[in-house]
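Okay, here's what each chain looks like letter by letter:
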Amino acid sequence: MTVTQTEQTEQTPENEAAEPAVFGRLVAIDPLDFDPDGGTEKLVIVDPYNHRKKREEGDTTEPDAALIASVEEVGVQQAIILRPQEGERDGQLGIVIGQRRTLAAFRVASAAAQEGREYRKIPAIIRDDLRGVDDEALTVSMVENLHRRQASAQDDVDAAEQLALLVKAKKVPKARKRSLAAAIGRTEEELDAAHKVAQMDAETLEDLRDEEIEFDWVELGDYDEVKDVSNAQVTLMRAKAKDEQEGNAKRGAWKTAMQELRAKKTRTERIETLKAELAEKKVNTVHWVWNWSYSPARPLEELVSGIGMPMSEQGHSETCEGHAAAIDPDAAEVVWLCVDWKKRGHRIAGAAQGDDSDSEPDEEADAKAEAVREERRRVKVNNLAWRTAREGREAHIADMCKDKGEAPADVKDLIMRTLLVSDGHYVHYVGSQEHGAMLAKFLGDERLTRQPKDVITSLLKKTASKRYWWTLFAHVAGYFEAEHMKDDAWRGEPHYHHGPSVRGRIRPATAEWISFLKHHGYGVTEVEAETVATAEQEAEAEAERRAEQERQREEREAARAARQAENPAPDEDEESGDDGDDGEEDYQYDDTDEEYEEPAGAVENADPEAEDETDAGPDEAEGREDAPAENGQEDGEQE
């Protein structure tokens, strides 16, 4: 235990009295001479009157990872304040200011000592004038912490502004940049986001600090972008907590939350624009109603005129005084409606003319119509959520393709399985224009859009051998995104004959791809999670169906064996005359290999735009057109 005292030279201005020596003695303290538990064996302890020291629940002060990283890199740069102790602790020094710095240095020194490495000492100022003056020691500790808290918000902005200039100038080598980030307890990613923090107002930072919300610079820059969106702070705090709980270093949940908040911000801005446009045109605007069946108003798309004609926005505005508009907050679009459709003589589409609206049949019809409207609305909302998720998902894929290390085993397995199977969807993708567009997007080279041979050759030449797998991954990822993540893939497989209005099971490839990305740090959205859960339920139901078919087959075989046991086979001379009967008796229909079940009934298309949005795949296009002419011809020939 060694304490080195530095020489001090005190200069007193001429004709002025010397100031009292209240600045203490500057010394260097060995971090391993500190006892975090406050024992009597070590030189340094936490002073009983340190502002951070808890009286009842014990001392819970802990240095964060950023501070430890900074001490590891450059040591403790700001001297701590110590004061001599009295009584049973006489001879020890108590920390008045700098408890977290000392504890961080202690952790770093302990690790270094175990590994046989050197470590730095702690600069410290010993305040002999505070010996036995407990109230002043506590005041000094409190003032230091309070001033630091008030100044830290502006300090962060100033530091970010300076670092933003360094990063923008790109004059800092990569190794130096990494060292610089570690020294200030930041990451390289945070340094790249420093320019965003520099643009933040100090009030926002202070509000976050007052609420004890700890966002790093990347998160601060993101939050500042969407801070005006309702519930943005809570949404991002939950996303951050989820990433920390799952150990997701790629900020999957955070990025997904940001993507949703950006989309929400865009919708909010769009709604404000629509409101201004309607006000300028002096259009009567009413509040949006989630269930119009409980309102005297109805959207025009659900109404027909008294003689059964469809209602258009222009025609209704010219002929009906009940013309109005409402704004759908989910879709951010104007919905035209009639504020009192019964009074204006309109009818619900599909209702018989002259029906009593209060009768029970009409109530049933209204219930059915409401179910159709609810399904249409669900399709619209989920389609929007599915499209919104695409941008964040593709950004995550592009980040994966930038990986310069060796691809993990599951990435290689996915690539090999996709390339070797080469099903109809894969063949369709390779021959489509989307192939080049996806490659360009994931590899960051717009020249790949048309896939010229010279660009491909250049790509191969500049790609390191260990990155070949990631280049192939971009190709495979494009296949999954283009073929299995279409706008309405969450609804299931479109019927190959009846079209998108009748849906089958969700493609296994869709659920597989979402689960794969989640395993690699992608934060799945709510609609994506529901899609995977539905696919798993459908797979379980299919497994149960096949198990039931197998059970029935085994029962049939057992019954046949029992019948054969009761009726032994005839003699050889009798068998020759019974071959036909035996063959017919042995035949059993087995449907265990049946691949497709015809739906119980065609469902009315809940999404009028679905047919336009859904592209027929290579194995979906066949069989969509009936051939009644051939059947008719055969009937004629038979006649």
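See above for the structure.
Residues numbered from 1 in each chain as written. Predicted model: local features only at pLDDT ≥ 70, side-chain atom pairs only at ≥ 80, totals over all residues. Heavy atoms only, no water.

1. So, the packing of helix 1 (residues 65-74) against helix 2 (residues 99-115)
Packed helix pairs are specified by the crossing angle of their axes together with the interaxial distance, meaning the distance between the axes.
Here's step 1: Put simply, helix 1 and helix 2 touch, their axes get as near as 9 Å, and they point 65° apart. Once helix 1 is placed against helix 2, the crossing between them reads as right-handed. Facing L67, I68, V71 and E72 of helix 1, the residues of helix 2 in contact are R100, R101, A104, A105 and V108.
Here's step 2: Partitioned by chemical class, the residues of the contact of helix 1 with helix 2 number 6 nonpolar, no polar and 3 charged. (Axes fitted to C-alpha atoms, helices over the stretch in contact; angles between N-to-C directions. Helix = DSSP H or I, 4+ residues; strand = E, 2+ residues; numbered from the N terminus. Left-handed = near helix turned anticlockwise from the far one by under 90°. Contact = heavy atoms within 4.5 Å. Nonpolar A, V, L, I, M, F, W, Y, C, P; charged D, E, K, R; others polar.)

2. A short note on the side chain of H475
Here's step 1: As for its placement among the helices and strands, H475 is situated in helix 17 (residues 468-484).
Here's step 2: What makes H475 buried here is its relative accessible area of 11%. (Buried < 20%, exposed > 50% of the residue type's maximum accessible area, 1.4 Å probe, protein only.)

3. Looking at the side chain of D328
Here's step 1: Within the fold, D328 resides in strand 9 (residues 323-328).
Here's step 2: Beyond its immediate chain neighbours, meaning those up to four positions away, D328 contacts W288, E333, V335, R377 and K380.

4. Comments concerning empty space enclosed by the protein
Here's step 1: For the structure on display, the rule yields 2 cavities of 30 Å³ or more.
Here's step 2: Space inside the second largest cavity adds up to approximately 40 Å³.
Here's step 3: What lines the second largest cavity is T256, Q259, E260, T388, A389, G392, R393, Y522 and T525.
Here's step 4: It is helix 12 (residues 360-401) that contributes the most residues to the lining of the second largest cavity, 4 residues altogether.
Here's step 5: Broken down by class, the residue content of the lining of the second largest cavity amounts to 2 nonpolar, 5 polar and 2 charged. (1 Å grid on protein atoms, 1.4 Å probe; cavity = no way out; pocket = protein on both sides within 12 Å on 5 of 7 lines; lining within 4 Å. Points joined across faces, edges and corners; volume = space filled by probe spheres on them.)

5. Observations regarding the pattern of salt bridges
Here's step 1: For the coordinates displayed, the defined rule picks out 43 salt bridges.
Here's step 2: A salt bridge links D224 to K227; the nearest nitrogen and oxygen atoms lie 3.1 Å apart.
Here's step 3: One salt bridge connects R377 with D328, and the closest N-O pair in it is separated by 3.4 Å. Here the residue R377 occupies a position in helix 12, and D328 occupies one in strand 9, the gap between them amounting to 49 residues. Each member of the pair, R377 together with D328, is buried.
Here's step 4: Linked through salt bridges whose partners overlap, the residues forming this network are E189, D216, E219, K240, E244 and R251. (Salt bridge = Lys/Arg side-chain N within 4 Å of Asp/Glu carboxyl O.)

6. Digging into the environment of E73
Here's step 1: If you trace the backbone, E73 turns up in helix 1.
Here's step 2: Residue classification places E73 among the partly exposed positions, given a relative accessible area of 30%.
Here's step 3: Taking C-alpha positions, E73 is 7.3 Å from S179, a pair spaced 106 residues apart along the chain.

7. Concerning the pairing of strand 9
Here's step 1: Most of strand 9 is tucked away: 6 of the 6 residues are buried.
Here's step 2: Neither face of strand 9 is exposed, since H323, A325 and I327 on one face and A324, A326 and D328 on the opposite face are all buried.
Here's step 3: Here strand 9 pairs with strand 10 (residues 333-338) via 6 bridges, running antiparallel. Residue A326 lies in a different strand from strand 10, and its bridge partner there is V335. (Pairing = 2+ DSSP bridges.)

8. Digging into the nonpolar core
Here's step 1: Judged by nonpolar contacts, the single largest core of 42 residues is most densely connected at I397, F473, W513 and F516.
Here's step 2: Mapped onto this core, the elements with two or more residues apiece are helix 12, helix 13 (409-421), helix 14 (424-430), helix 15 (434-443), helix 16 (453-462), helix 17, helix 18 (508-519) and helix 19 (526-566).
Here's step 3: In terms of residue count, the dominant contributor to this core is helix 17 (8 residues). (Core = buried A, V, L, I, M, F, W, Y, C linked by side-chain atoms within 4.5 Å.)

9. Details of unusual backbone geometry
Here's step 1: If you check the backbone angles, R251 has positive phi at about 55° while not being a glycine.
Here's step 2: Here R251 lies in the loop between helix 9 (232-246) and helix 10 (252-280).

10. Section: helix 19
Here's step 1: Taking 1.5 Å of rise per residue, the 41 residues of helix 19 would be expected to cover 60 Å, and the 60 Å separating its terminal C-alpha atoms lies within 8% of that figure.
Here's step 2: All of the buried residues along helix 19 are V527, E528, T531, V532, A535, E542, R545 and Q549. (Expected span 1.5 Å × (residues − 1).)

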